[in-house]
Amino acid sequence: MLSSMLFISLLILSLAILGCLYRVLRGPSMADRITALDTIGINVIAIVAVLSMMLHTQAYLDIILLIGILAFLSTVAFARYIERGAVFKNEGDR
């Protein structure tokens, strides 16, 4: 019973990643694309956690932490890129 529920959760998380991938490719703005990339990172963390539960191991917990740190840093870097892009655009208009 538990293994079938974990498998179903893997399928749902995979569908969520596909939905976010669509938003990354067709997002109306850069902020939407960055949010979708961050959501993909969170879904990947969830998939690794579910796989860890399915395999009855704690070996993947370090991988979860690494993915979380990289997702956070990439979101901060993209946010700074958007912020600086808006500043440069406003200076060029003068």
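Every residue gets a number counted from 1 within its own chain, in the order that chain's sequence is written. The model is predicted, so local features are restricted to residues of pLDDT at least 70 and side-chain atom pairs to those at 80 or more, both for listing and for counting; the totals for chains, interfaces and linings are taken over all residues. Values reported for side chains reflect all heavy atoms of the structure, with hydrogen atoms and water molecules removed beforehand.

Here the focus is the UniProt feature "transmembrane region" (unreviewed entry) in the protein. UniProt positions are given in the numbering used here, feature names are shortened, and annotations may be inferred rather than shown by experiment. Mapped onto the present numbering, the UniProt feature "transmembrane region" (unreviewed entry) falls at residues 6-25, 37-57 and 63-82. Helix and strand definitions here come from DSSP, where helices need a minimum of 4 consecutive H or I residues and strands a minimum of 2 consecutive E residues; each element is numbered from the N-terminal end. Regarding residues 6-25, the helix share stands at 100% and the strand share at 0%, and the terminal C-alpha atoms are separated by 29 Å. Helix makes up 86% of residues 37-57 and strand 0%, whereas the separation of the span's terminal C-alpha atoms amounts to 28 Å.

A word on the environment of threonine 39. Counting through the fold element by element, threonine 39 comes out in helix α2 (residues 30-54). Residues threonine 39 and isoleucine 8, 31 residues apart in the sequence, show an inter-C-alpha distance of 19 Å.

Excluding glycine, residues mostly carry a negative phi; peptide bonds, for their part, are mostly trans. One non-glycine residue, histidine 56, adopts positive backbone phi at about 55 degrees. Summarising the element assignment, histidine 56 is placed in the loop between α2 and α3 (61-92). Burial classes: relative accessible area under 20% of the type maximum marks a residue as buried, over 50% as exposed, and values in between as partly exposed (1.4 Å probe, protein chains only). For histidine 56, a relative accessible area of 72% puts it in the exposed group.

Moving on, we come to the environment of alanine 16. Along the chain, alanine 16 turns up in helix α1 (residues 2-26). When its relative accessible area of 31% is taken as the criterion, alanine 16 is described as partly exposed. Sequence spacing of alanine 16 and tyrosine 60 is 44 residues, and the spatial spacing of their C-alpha atoms is 21 Å.

Take the nonpolar core next. Taken as a class, soluble globular proteins show a tendency for nonpolar side chains to be buried jointly. Formed by Leu6, Leu10, Leu13, Ile17, Ile47 and Val50, the largest nonpolar core amounts to six residues. If you list the elements that add at least two residues to this core, you get α1 and α2. Element by element, the count of residues in this core is highest for α1, at four residues. Should any heavy atoms of two residues lie within 4.5 Å, those residues are counted as being in contact. Dropping the residues within four chain positions of it, leucine 6 is found in contact with Val50, Met53 and Met54. Residues enter a nonpolar core if they are buried and are Ala, Val, Leu, Ile, Met, Phe, Trp, Tyr or Cys, with the set joined through side-chain atoms within 4.5 Å.

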